[in-house]
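# Residue-level structural notes
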Amino acid sequence: MGTAVEDNSGTGTGMRRRGCSYQKNDFLPEESFRTFGNYINALKQTPNRLVDRVLTRSKDQAEMAVKNRSQNEMKKTLTWWDLIWFGMGAVIGAGIFVLTGLEAKEEAGPAVVLSFVVSGISAMLSVFCYTEFAVEIPVAGGSFAYLRVELGDFMAFIAAGNILLEYVIGGAAVARSWTSYFATLLNHHPSDFRIHAHALANNYNELDPIAVGVCICICILAVLSTKGSSRLNYIASIVHIVVILFIIIAGLAKSDTKNYTPFTPFGARGIFKASAVLFFAYVGFDAVSTLAEETKNPAKDIPIGLVGSMIITTTLYCLLAITLCLMVPYQDVDPDAPFSVAFKHVGWSWAQYLVALGALKGMTSVLLVGAVGQARYLTHIARTHMMPPWFAIVDAKTGTPVNATVVMLAATAIIAFFTKLEILSNLLSISTLFIFMLVAVALLVRRYYVSGVTTAANRNKLIGFVLTIVGSAIATAAYWGVSTNGWILYCITVPIWLLATFGLWYFVPQAHNPRLWGVPLVPWLPSASIFINIFLLGSIDKDSFIRFAIWTGFLLLYYVFFGLHASYDTAKEDEAELKVGKIEEGIPASATKSETGYKQ
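For every chain, the first residue of the written sequence is number 1, and numbering continues from 1 onward in sequence order. Residue-level local features of this predicted model are given only where pLDDT is at least 70; pairs of side-chain atoms are given and counted only at 80 or more, and the full residue set underlies all totals for whole chains, interfaces and linings. Side-chain calculation: all heavy atoms of the structure are included, whereas hydrogens and water are not.

### Structural notes on the environment of aspartate 52
Condition: Runs of H or I in DSSP of at least four residues are treated as helices and runs of E of at least two as strands, each being numbered from the N terminus. Remark: exposure states derive from per-residue accessible area (1.4 Å probe, protein chains only) relative to the maximum for the residue type, with buried under 20%, exposed over 50%, and partly exposed in between. It only takes one pair of heavy atoms within 4.5 Å for two residues to be counted as in contact.
Residue placement: aspartate 52 occurs in helix α2 (residues 46-55). Relative accessible area serves as the criterion here: at 16%, aspartate 52 is assigned to the buried category. Measuring from C-alpha to C-alpha, the distance between aspartate 52 and leucine 564 comes to 9.8 Å, with 512 residues separating the pair along the chain. Discounting chain neighbours no more than four positions away, the residues touching aspartate 52 are Tyr568 and Lys572.

Right, here's the structure in full:
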């Protein structure tokens, strides 16, 4: 982490810098922050600048060009085989081993397998949308870069802030779970490995040094090498899948079909409510899209890696859910350690240790891939100067974003050290479902709107149809949330969604054809992704929406006082450099404003 890198900060010193060192210009180098007077003037221009950033969209070439701000390029070492294992490592972890039992017992019963199918379909639709973007814009920014290109800086920043929160909170929850399963493996209670600090507030007084230690180890691995992380992920994932196959085969050998009666004790509402929670078990695949910049052949490797890993993961989830509810009646499923207790129930107590080992391996993979993904999100955000450019530095020797990795995992470790798993697990999937919905909207915009090509009439039709699709989905989700037995409104909202999607398909011509790989069945597939993601949001509890609103409010404050002005200055400096004769990423000095990487 102390590797020297060349100083390209523009200071002209030519000195080599160490990976985690910093200079004054690494944090607020923009014109708006050079003097207090400049900052006051920038604040006075906030309304105009905000309108500019909301309406201005980036271009594919601009997202590729900002890679230069990391001083060194990330190494292209990954293939589709790496991405498949990264995908499974990112997804198969604490969710399946913790949430399956809870949702089977309290919400869905044996029909929890259908809950996995519903959330799996939603995740797969989102995977398709992510794949087209990742192939055409192979940068480390993931959904932040995609939304910046199609929906503008403002929406991209709000979305990225929420996905980073999801990564940090999710990582902390997994780290705390790691300690619990480690205790089970050693035949101890988790509290035996935690320090009780009575002076601290309840739910924050069980300090977990093992979780911090795990985060430190993961940080070192993620910093040293992406390819090395991939190899470790292979090993952990292979062991994990062997254990999962053991659970399925041995569990089915001890199955009793009587346990599948009744199949849907909580009805359809229970199935969909469980789906919204179990979507947490699929969170993580988007981290794979952030590895596009390090992929040898994005057009081939990303579709195979993303779609392949999601198919395998969904299949394993469904088989595990079936196995659990065939082994024990859903009423007797243990909500904390469902599979371990299930094997005890059928007389195989020794198997709990094997299950604990598999869970540890799975959670290690989730933490590792999450660390790799979240650092690359932050790196690309910093390249645009919405966050300090210090986070964008890529180490010359390892080819990894050292600063971003260390900071994100430090935040994860601090939260994991203090906060109980019960508190963390309540922060469910609202941010991720919101992001996935926005990515699907962005895909529709990408296909149907190109500045200078799409007519004003077709643009207005696109806006109208997209708003109707989103509005009908929101109405359906809201009705689902407030009405327990009603069905009349569904007969209105669902046909409206169908008609809006048909209208977009029939009346608005596509303005952009994917060059390398494209989502099939546009607009039907992204429209379905929008509808399902919003519908699942309707099953999430009120407290999650309150947390979402509080965090989004904090992001807005940061953006208005810092991120807006930094990104505005950076964008205008880029445009000025092109006008005075510099060539950037193959764009000639004679390029017009519309060709400089920004489009209105």
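And the narrative resumes.
### Some words on the packing of aromatic side chains
Selection rule: What counts as a ring pair is set by centres within 6.5 Å for rings of Phe, Tyr and Trp (its six-membered ring), and what kind of pair is set by the plane angle: stacked under 30 degrees, edge-to-face over 60, tilted for all other angles.
On inspection of all chains with the given rule, the structure shows 36 aromatic pairs. Ring centres of phenylalanine 33 and phenylalanine 562 lie 6.2 Å apart, and the angle between their planes is 15°; this geometry places the pair in the stacked category. One end of the pair, phenylalanine 33, is in the loop between β2 (16-18) and α1 (36-44); the other, phenylalanine 562, is in helix α22 (residues 542-579), and 529 residues separate them in sequence. Taking the relative accessible area as the measure of exposure, phenylalanine 33 reaches 16% and is therefore buried.

### Quick word on the pattern of salt bridges
What counts is decided by this rule: Should a side-chain nitrogen of Lys or Arg be within 4 Å of a carboxyl oxygen of Asp or Glu, the pair is scored as a salt bridge.
In total, this model carries 12 salt bridges according to the counting rule given. We note a salt bridge from glutamate 136 to arginine 446, for which the minimum N-O separation is 2.6 Å. Taken together, the positions of glutamate 136 in helix α6 (residues 112-136) and arginine 446 in helix α18 (residues 430-448) put the pair 310 residues apart, joining distant regions of the chain. Residue arginine 446 is classed as buried on the basis of its relative accessible area, which comes to 4%. For the salt bridge of arginine 148 with aspartate 153, the shortest nitrogen-to-oxygen distance reads 2.9 Å.

### Some words on the environment of valine 212
For valine 212, the position within the fold is in helix α9 (residues 209-224). A relative accessible area of 21% means that valine 212 is categorised as partly exposed. Spatially, the C-alpha atoms of valine 212 and alanine 413 are 4.9 Å apart, while their sequence positions differ by 201 residues. What valine 212 contacts, discounting residues up to four positions off in sequence, is Ala413 and Phe417.

### Brief notes about helix α15 (residues 351-383)
This is how it is decided: Expected span of a helix, by definition, is 1.5 Å for each gap between consecutive residues, and there is one gap fewer than residues.
The terminal C-alpha atoms of α15, which comprises 33 residues, lie 48 Å apart, in line with the 48 Å expected from a rise of 1.5 Å per residue. Burial analysis of α15 places 28 of its 33 residues in the buried class, the great majority of the element. Downstream of α15 by a residue or two, histidine 385 has a phi angle that is positive, lying close to 70°.

### Focus: α6
Here α6 is 25 residues long and its end C-alpha atoms lie 37 Å apart, about the 36 Å a rise of 1.5 Å per residue gives. With 22 of 25 residues buried, α6 lies mostly within the body of the structure.

### Remarks on the packing of helix α8 (residues 153-185) against α15
Our working rule: Axes, fitted as lines to C-alpha atoms, cover a helix only where it is in contact. Angles between the N-to-C directions of the axes lie from 0 to 180 degrees. Orientation categories follow fixed angle ranges, with anything under 35 degrees roughly parallel, anything over 145 roughly antiparallel, 65 to 115 roughly perpendicular, and all other angles oblique. The hand of a helix crossing depends on one turn: near helix anticlockwise from the far one by less than a right angle means left-handed, and clockwise means right-handed. Under the convention adopted here, Pro, Cys and the residues Ala, Val, Leu, Ile, Met, Phe, Trp and Tyr are nonpolar, Asp, Glu, Lys and Arg are charged, and Gly plus all remaining residues are polar.
In the contact formed by α8 and α15, the axes pass within 9 Å of each other and the chain directions differ by 160°. In terms of orientation, α8 and α15 fall into the roughly antiparallel class. At the point where α8 passes α15, the crossing takes the left-handed sense. Classifying every residue of the contact of α8 with α15 gives 22 nonpolar, seven polar and no charged.

### Quick word on unusual backbone geometry
The amide bond that connects threonine 261 to the next residue, proline 262, takes the cis arrangement and shows omega of 0°. Residue placement: proline 262 occurs in the loop between α10 (226-253) and α11 (267-278). At the junction of valine 522 and proline 523, the peptide bond is cis and its omega measures out at 10° in the coordinates. Structurally, proline 523 can be placed in the loop between α20 (490-507) and α21 (524-537). Despite not being glycine, histidine 385 has its phi angle at roughly 70°, a positive value. Secondary-structure assignment places histidine 385 in the loop between α15 and α16 (402-418). Classification of histidine 385 by relative accessible area gives buried; the value is 14%. A positive phi angle, near 55°, is found at leucine 521, a position not held by glycine. Within the secondary structure, leucine 521 sits in the loop between α20 and α21. Under the relative-accessibility criterion, leucine 521 is labelled exposed at 63%.

### Focus: the confidence of the model for the chain
The following threshold applies: Residue-level confidence of the predictor is what pLDDT reports, using numbers from 0 through 100.
Overall, the prediction assigns the chain a mean pLDDT of 81, with 85% of residues at 70 or greater. Taking the mean pLDDT of every element in the chain, the minimum, 41, falls on strand β1 (residues 4-6) and the maximum, 95, on α20. Scored below 50 in pLDDT, residues 1-19 shows 47 contacts in the model against residues more than four places distant or in partner chains. In this model residues 580-600 is a low-confidence stretch, pLDDT under 50, and it forms 44 contacts with partners more than four residues away in sequence or in other chains.

### Comments concerning the nonpolar core
For the record, the criterion: In this text, buried Ala, Val, Leu, Ile, Met, Phe, Trp, Tyr and Cys residues form a nonpolar core when linked through side-chain atoms within 4.5 Å.
Counting residues in hydrophobic clusters, the biggest one holds 159 residues, and the most contacted among them are Phe97, Phe116, Phe285 and Ile530. Element by element, the count of residues in this core is highest for α15, at 17 residues. Ignoring any residue separated from it by four or fewer positions in sequence, one finds isoleucine 530 in contact with Met437, Ala440, Val441, Leu444, Ile469, Val470 and Ala473. Core analysis: the second largest hydrophobic core is formed by six residues, Ala172, Ala175, Ala211 and Ala413 among them.

### Some thoughts on the side chain of threonine 179
Within the secondary structure, threonine 179 is located in helix α8. Its relative accessible area of 0% is what places threonine 179 among the buried residues. Residues in contact with threonine 179, not counting those within four places in the same chain, are Phe193, Arg194, Asp208, Ile210 and Ala211.

### Concerning the environment of proline 303
By the element assignment, proline 303 lies in helix α13 (residues 298-327). The class for proline 303 is buried, based on a relative accessible area of 10%. With 176 residues separating them along the chain, proline 303 and valine 127 place their C-alpha atoms 8.8 Å apart. Not counting residues up to four positions away in its chain, the partners in contact with proline 303 are Thr131, Val135, Pro298, Gly308 and Trp517.

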